[in-house]
Amino acid sequence: MKELVRKNILKVNAYIAGKPIEETKRQLGLKDVIKLASNENPLGPSPKAVAAIRKTASGVNRYPDSQGFYLKKKLAKALEIKPENIVLGNGSDELIDIIIKTFVEDDENIVTADTTFLEYEIIAGVNNRKVTKVPLRYFKYDLESIKKNIDKQTKLIFIANPNNPTGTYVTKFELDDFLRGLPDHCLVVLDEAYDAFIDVNDFPNMFNGFKNKKIILLKTFSKSYGLAGLRIGYAVLNEELAGYMERVRQPFNTNLLAQAGAMAAIEDREFLRKTRRIVLEGKDYLYGNLKKLGLAYVPSVANFILIDVGQDGVELFNKMLRFGVIVREMKQYGLKNFIRVTIGTKKENERFVKVLKKILRGKERP
Ligand SMILES: Cc1ncc(COP(=O)(O)O)c(C=O)c1O
């Protein structure tokens, strides 16, 4: 059957998502399972978003507004930009695809880091575009080396800031330095999926810089707003370039409920504050306990922590599953002795630590 498939697709590795709770319950016969694997919001969705979705549900016989007029208007007001600077997407995943389709010619390439969010490489592969992956330095994007790897055919540079799966970030100073003297034929995508969790002062704020045509910001409602299941995100960029992306996206790529949920979520400042507090408190708790267990971890500014477990991460992941705790093993990312854990509620974090302790002390099964 292979001969029927486009050659570039034969080379693509499908994305392996975090293991779902229901699947784990079914496969292992468990009743009580927690998921700390996909950097989701442990508090659930914003209650205001849920109320708006309920209210809107009776209208799903109609197509959604293909322009997302009200959502863009609300976002533009909150961000002090124009609605024309925004392109809505079915999650930022879809925007990555739209960006590549809009900007990268057949013979042009994309530069990103190794290791970073896997979708950049996967979606580029599906679109038959070449990707150069530049190794991280001390788990951080190495912008100097990335710059050296840019050639005449480089069109896009993907920077996850903060980076997934390391939780590290590029500072304002480093980014400014990188952007200075960047060739005019390059566009830089700053994927800021985890920006709401930042607890440092030198993180770049690019809401002014994007008007400079070299930058595309990617934002999502999946993490801090707790709307991963709705699938909605947006890109912020130069108005003219946004217009070209609008030609590429499907007319109804963001659905009716997603638009309504996102609009309500933007208003829910209290939910955002609570989410941030839970994540920052949880991070301190986990750091403290990892230290006690003698495990090394990468300090994170996001809502997850990359942990060096000093043994095969896949095996540890499987053992944790039997205790009903889903974390993320890092084999697909090439990080054999690591797991990535999403910061959960206090109760979830405590359970994670308890199970990890048991396994490290040799207990294999509940
Ligand atoms: C860096 C990064 N970008 C984008 C995404 C995808 O976000 P969305 O749910 O909006 O597609 C993720 C999800 O894990 C991510 O880690």
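Figured I'd write up the structure that's included with this text. The model shown is predicted, which means the values in this text are computed figures rather than measured ones.

1. Some points on the site of the ligand
Consideration 1: Around the ligand lies a shell formed by Gly 91, Ser 92, Asp 93, Phe 117, Asn 164, Asp 191, Ala 193, Tyr 194, Thr 220, Ser 222, Lys 223 and Arg 231.
Consideration 2: Between Asn 164 and the ligand, the recorded distance is 2.7 Å, taken from a side-chain N or O atom to an oxygen atom.
Consideration 3: Tyr 194 has a polar side-chain atom sitting 2.6 Å from an oxygen atom of the ligand.
Consideration 4: Burial of the ligand by the protein amounts to 94% of the accessible area it has alone, namely 390 Å².
Consideration 5: Taken together, the residues that form the shell around the ligand break down as three nonpolar, five polar and four charged.

2. Points about the nonpolar core
Consideration 1: The biggest cluster of nonpolar side chains holds 69 residues, and the ones touching the most others in it are Tyr 141, Ile 157, Ile 159 and Phe 178.
Consideration 2: Tallying contributions element by element places helix H5 (residues 91–103) first for this core, with six residues.
Consideration 3: Excluding residues that lie within four positions of it along the chain, Tyr 141 makes contacts with Thr 112, Ala 113, Thr 116, Tyr 120, Leu 136, Ile 146, Phe 158, Ile 159, Ala 160, Asn 163 and Val 170.
Consideration 4: Within the second largest apolar cluster, 34 residues are counted, among which are Ile 34, Leu 36, Val 341 and Val 355.

3. A word on the packing of H5 against helix H9 (residues 239–248)
Consideration 1: Where H5 contacts H9, the two axes come as close as 9 Å, and the packing angle between them is 105°. Between H5 and H9, the crossing angle belongs to the class labelled roughly perpendicular. Touching Leu 95, Ile 98, Ile 99, Lys 101, Thr 102 and Phe 103 of H5 are Leu 241, Tyr 244, Met 245 and Val 248, all from H9.
Consideration 2: Its residues assigned to classes, the contact of H5 with H9 comprises eight nonpolar, one polar and one charged.

4. Let's talk about the pairing of strand E13 (residues 338–342)
Consideration 1: Among the five residues in E13, five count as buried, and that is most of the element.
Consideration 2: Residues Phe 338, Arg 340 and Thr 342 point to one face of E13 and Ile 339 and Val 341 to the other, with burial holding for every one of them.
Consideration 3: Pairing geometry for strand E10 (residues 304–308) and E13, over five bridges, is antiparallel. In the strand pairing of E13, Ile 305 is matched with Val 341.
Consideration 4: Where strand E12 (residues 328–329) meets E13, two bridges bridge the pair, whose relative direction is antiparallel. Along E13, the bridge assignment pairs Glu 329 with Ile 339.

5. Notes on the packing of aromatic side chains
Consideration 1: The final tally for this structure, using the stated rule, is 11 aromatic pairs.
Consideration 2: Note on Tyr 63 and Phe 252: the rings are 4.6 Å apart at their centroids and 25° apart in plane angle, and the pair reads as stacked. Placement of the pair is Tyr 63 in the loop between helix H3 (47–57) and helix H4 (69–79) and Phe 252 in the loop between H9 and helix H10 (256–267), with a sequence separation of 189 residues.
Consideration 3: Judged by its relative accessible area of 66%, Tyr 63 is exposed.
Consideration 4: Overall, Phe 252 belongs to the partly exposed group, its relative accessible area being 39%.
Consideration 5: Here Phe 69 and Tyr 70 contribute two aromatic rings whose centre-to-centre distance is 5.1 Å and whose plane-to-plane angle is 90°, an arrangement assigned as edge-to-face.
Consideration 6: With a relative accessible area of 47%, Phe 69 lands in the partly exposed category.
Consideration 7: Residue Tyr 70 is classed as exposed on the basis of its relative accessible area, which comes to 55%.
Consideration 8: Here the aromatic cluster, defined as three or more aromatic residues joined through ring pairs, consists of Tyr 15, Phe 117, Tyr 120 and Phe 158.
Consideration 9: Directly above the ring of Phe 304 sits Arg 340, whose terminal nitrogen or CZ lies 5.5 Å from the centroid.

Conventions used here
- Residues numbered from 1 in each chain as written.
- Predicted model: local features only at pLDDT ≥ 70, side-chain atom pairs only at ≥ 80, totals over all residues.
- Heavy atoms only, no water.
- Near = heavy atom within 4 Å.
- Polar contact = N/O pair within 3.5 Å; in protein donor to acceptor, adjacent residues only side chain to side chain.
- Areas by Shrake-Rupley, 256 points an atom, 1.4 Å probe, with all protein chains shown as cover.
- Nonpolar A, V, L, I, M, F, W, Y, C, P; charged D, E, K, R; others polar.
- Core = buried A, V, L, I, M, F, W, Y, C linked by side-chain atoms within 4.5 Å.
- Buried < 20%, exposed > 50% of the residue type's maximum accessible area, 1.4 Å probe, protein only.
- Helix = DSSP H or I, 4+ residues; strand = E, 2+ residues; numbered from the N terminus.
- Contact = heavy atoms within 4.5 Å.
- Axes fitted to C-alpha atoms, helices over the stretch in contact; angles between N-to-C directions.
- Parallel < 35°, antiparallel > 145°, perpendicular 65-115°, else oblique.
- Pairing = 2+ DSSP bridges.
- Phe/Tyr/Trp six-rings, centres within 6.5 Å; stacked < 30°, edge-to-face > 60°.
- Lys NZ or Arg CZ within 6 Å of the ring centre and 35° of its normal.

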